[in-house]
Each structure stands twice: as structure tokens, then as C-alpha cells.
Amino acid sequence: MAGIEASMESKYERLQHILRDMGKVVVAFSGGVDSAFLLKAALDTLGADNVLAITADSETYPAREKAEAIKLAEAIGAPHEVIPTSELNIPGYAENPTNRCYFCKNSLFDHLIPIAEAKGYPHVVFGAIADDLGEHRPGLQAAHERGVLAPLLEAGIRKSEIRHMSRNFGLATWDKPSFACLSSRIPYGEEITARKLSMIDQAEDFIMQLGFRQVRVRQHGNLARIEVAASDLAELLPVAETVHAKLREIGYDYVTLDLLGYRSGSLNEVLPASEQAVAN
């Protein structure tokens, strides 16, 4: 635990205590910063025989993220399964209501809970963290209703602490940019379709290949609003024509650059305060 401050060490010990009490767990594993840290902690605490990572592969999950999740699970020695899912087949999801994430998480747990029961894992856990408290997080409601647990949140661990400890533990995800499903790029109330998700995925993948790590392509009708880190705005201008041409090829009529840069949940900025959610 060298290099970890006392407060973080205390929280990590609390996390280990929570996991030991569970005995065996299925980890909902996206390959992101939080679920990767949770999986690593579960492995180190319980051993590989008592941990199973499961990744849901759907239209809203980019192929690059699935590939990274598979690679990471293998690197840290986690038993790992990838299962097919489809958010677009969930009643109410494609209509894109402000509680869209409730439908998504509830469906995910519909898949994970039977697998856990069949394989003898008494608990399903996911990577909600302390930062999520006080925000409108419909996924937390779904987890509570289904008995799915959030050990990181229970231990009071925050994102900055997860990044610090992940670096200390040698996890490649310690500085990975925040990620949310591709549906979060589409304004609430606008229908989510497979074509839109594919366009967004292709556009973001292309911009990332140009060297930009934090990228969102928000789709407003047939207009693409690009968000990159504020510090990278000037770097995008020299390749603006290339980006414009590629996104037009993908199917967008108009391509714009958001002058404020990337903001977590920027599509929530137009919602009433009572409905605002943080959807990356």
C-alpha cells in the first residue's frame, strides 16, 4: 500500500472488508476507471476463484471499449465473460427519457443476476462511487431495487482516489478519460437508433485516431457538435477540414466545434435543475 495516503488506505481497507463479507462476486465490468479498480480490488481480496467479470456488449458500447475491457481483464488475471445485450430492445429506452439509465441498468442486472445465481455467486456488484451521491443517477435506483451492491460507494471512495490508487496498483486505466454509453450523446427526447449510435461511434473513433483522448460527438438531429478537452481546442483547428470531411462522409450535414470544450453531461445543461443528471 506504499504511496497511498492514510485516508485512502483506510477507505481501501473498508472496501476489502465489504468484499470479504460478500465472499464471491460478479462484477459488472465496462473496462472504465471505476469498474476496473473494483475488479482489481475484488481479485486481490477474494482471489480469482471467487470473482467473475462480465462485460455487456451492445449497440451503445464501442468496439474499442470492448477490446480494452477484454485486454484489461486478461492482464489482471480476471475470469471474464462478454455477453450480448441490446438496450434498443428495452421498452422505453429508445424514446430516450431523462431516466434512460434506469432502463439500461435494470436490463443489465436482468442479465447478470441469473448468471450469478447459476454459477454460485451470491452477489452482483457495480462501480458506482461516492461522487455519484447527490446527483440524479437513475442507475442507482435500479441497483437498489434489484439488490445489486456498490462497494466503492459504500466505502466512500471518490474518483480522484480511485485514479490515485489505480496508478499505485499499476492499472492502465488510472488516467483513462471518463466514458459513458453512446446514447448519452443524443439529447433527451430524441429517439435513439442503431444508425445514430453507429455514426457517433465512427465519428468519435476517427477523432481519437487523430490523437485526441477526451472526445464527445453530441448529435443534434443531423448536426455533430464536437467536444474535446478545452486544452485541445486549438489542436483541432488545424485538422478541422479533415474532421469535417470525414463526418460528412459518415452522414452528418453539419459539423461544429463546441467552444467551451468537453463538459461531463453537457446535454443536461438545458434541463430544469430538478431533472439534471450527469451523463458523460
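Here the structure is a predicted model, which means the values were calculated and not measured. (Residues numbered from 1 in each chain as written. Predicted model: local features only at pLDDT ≥ 70, side-chain atom pairs only at ≥ 80, totals over all residues. Heavy atoms only, no water.)

**As for the sheet that holds strand β5 (residues 215-220)**
Sheet strands pair by backbone hydrogen bonding; their relative direction is either parallel or antiparallel.
Here comes step 1: Taking strand neighbours across the sheet as the criterion, the 3 strands line up as β5-β6-β7 in an open arrangement whose pairing is mixed. Across the chains shown, the open sheet's two edge strands, defined by having one partner strand only, are β5 and β7 (254-257). Ignoring strand direction, the axes of neighbouring strands in this sheet form an average angle of 25 degrees.
Here comes step 2: Where strand β6 (residues 223-228) lies against β7, 4 bridges are found, and the strand directions are parallel. (Pairing = 2+ DSSP bridges. Helix = DSSP H or I, 4+ residues; strand = E, 2+ residues; numbered from the N terminus. Axes fitted to C-alpha atoms, helices over the stretch in contact; angles between N-to-C directions.)

**A word on the state of the cysteines**
Here comes step 1: Counting across every chain of the model gives 0 disulfides.
Here comes step 2: Here Cys 101 is not cross-linked by a disulfide; its sulfur's nearest cysteine counterpart is in Cys 181, at 6.0 Å.
Here comes step 3: The exposure class assigned to Cys 101 is partly exposed, which follows from its relative accessible area of 31%.
Here comes step 4: Take Cys 181: it sits in no disulfide, and the sulfur closest to it among the cysteines is that of Cys 104, at 5.7 Å. (Disulfide = S-S within 2.5 Å. Buried < 20%, exposed > 50% of the residue type's maximum accessible area, 1.4 Å probe, protein only.)

**A closer look at helix α5 (residues 138-146)**
Here comes step 1: Those residues of α5 that fall on the buried side of the exposure criterion are Pro 138, Gly 139, Ala 142 and Ala 143. Each buried residue of α5 sits inside an arc of 145 degrees when the element is viewed along its axis, so together they form one side.
Here comes step 2: Just past α5, the residue Gly 147 takes up positive phi, approximately 75 degrees. (Arc of directions from axis to C-beta.)

**Observations regarding the environment of Leu 15**
Here comes step 1: Tracing the sequence through the fold places Leu 15 in helix α1 (residues 6-22).
Here comes step 2: Assessed through its relative accessible area of 0%, Leu 15 is described here as buried.
Here comes step 3: Sequence-wise, Leu 15 and Gly 156 are 141 residues apart; in three dimensions their C-alpha atoms are separated by 8.7 Å.
Here comes step 4: Once residues lying within four places of it in the same chain are set aside, the contact partners of Leu 15 are Phe 37, Ala 41, Pro 151, Leu 152, Ala 155 and Ile 157. (Contact = heavy atoms within 4.5 Å.)

**Observations regarding the pattern of salt bridges**
Here comes step 1: Under the definition given, this model contains 21 salt bridges.
Here comes step 2: A salt bridge links Asp 201 to Arg 64, with the nearest nitrogen and oxygen atoms 3.0 Å apart. With a gap of 137 residues between them, Asp 201 in helix α8 (residues 194-209) and Arg 64 in helix α3 (residues 63-75) connect regions that are remote in the sequence.
Here comes step 3: Overall, Arg 64 belongs to the buried group, its relative accessible area being 16%.
Here comes step 4: The salt bridge partner of Lys 246 is Glu 249, with a shortest N-O separation of 3.3 Å. Placement of the pair is Lys 246 and Glu 249 together in helix α10 (residues 240-250), with a separation of 3 residues, close to one helical turn.
Here comes step 5: Residue Lys 246 is classed as partly exposed on the basis of its relative accessible area, which comes to 24%. (Salt bridge = Lys/Arg side-chain N within 4 Å of Asp/Glu carboxyl O.)

**Comments concerning the sheet that holds strand β2 (residues 51-57)**
Here comes step 1: Spatial strand order, β3-β2-β1-β4: 4 strands in an open sheet with parallel pairing. Sheet topology places β3 (80-84) and β4 (123-125) at the edges, where each strand pairs with a single neighbour. Each adjacent strand pair in this sheet contributes to an overall mean axis angle of 30 degrees, direction not counted.
Here comes step 2: Examined bridge by bridge, strand β1 (residues 25-28) and β2 share 4 bridges and lie parallel to one another. Each bridged residue has a counterpart across the sheet, and for Ala 28 the counterpart in β2 is Ile 54.

**Section: the packing of aromatic side chains**
Here the distance between the centres and the angle between the planes together describe a pair of aromatic rings.
Here comes step 1: Taken as a whole and judged by the stated rule, the model has 5 aromatic pairs.
Here comes step 2: When the centroid spacing of 6.0 Å and the interplanar angle of 85 degrees are considered together, the rings of Tyr 102 and Phe 103 count as edge-to-face.
Here comes step 3: Among the residues examined, Tyr 102 registers a relative accessible area of 18% and is labelled buried.
Here comes step 4: For Phe 103, a relative accessible area of 23% corresponds to the partly exposed category.
Here comes step 5: An aromatic cluster is present here, built from Tyr 12, Phe 37 and Phe 169 joined pairwise through their rings.
Here comes step 6: Over the face of the ring belonging to Trp 174 we find Arg 167, whose NZ or CZ atom lies 4.3 Å from the ring centre. (Phe/Tyr/Trp six-rings, centres within 6.5 Å; stacked < 30°, edge-to-face > 60°. Lys NZ or Arg CZ within 6 Å of the ring centre and 35° of its normal.)

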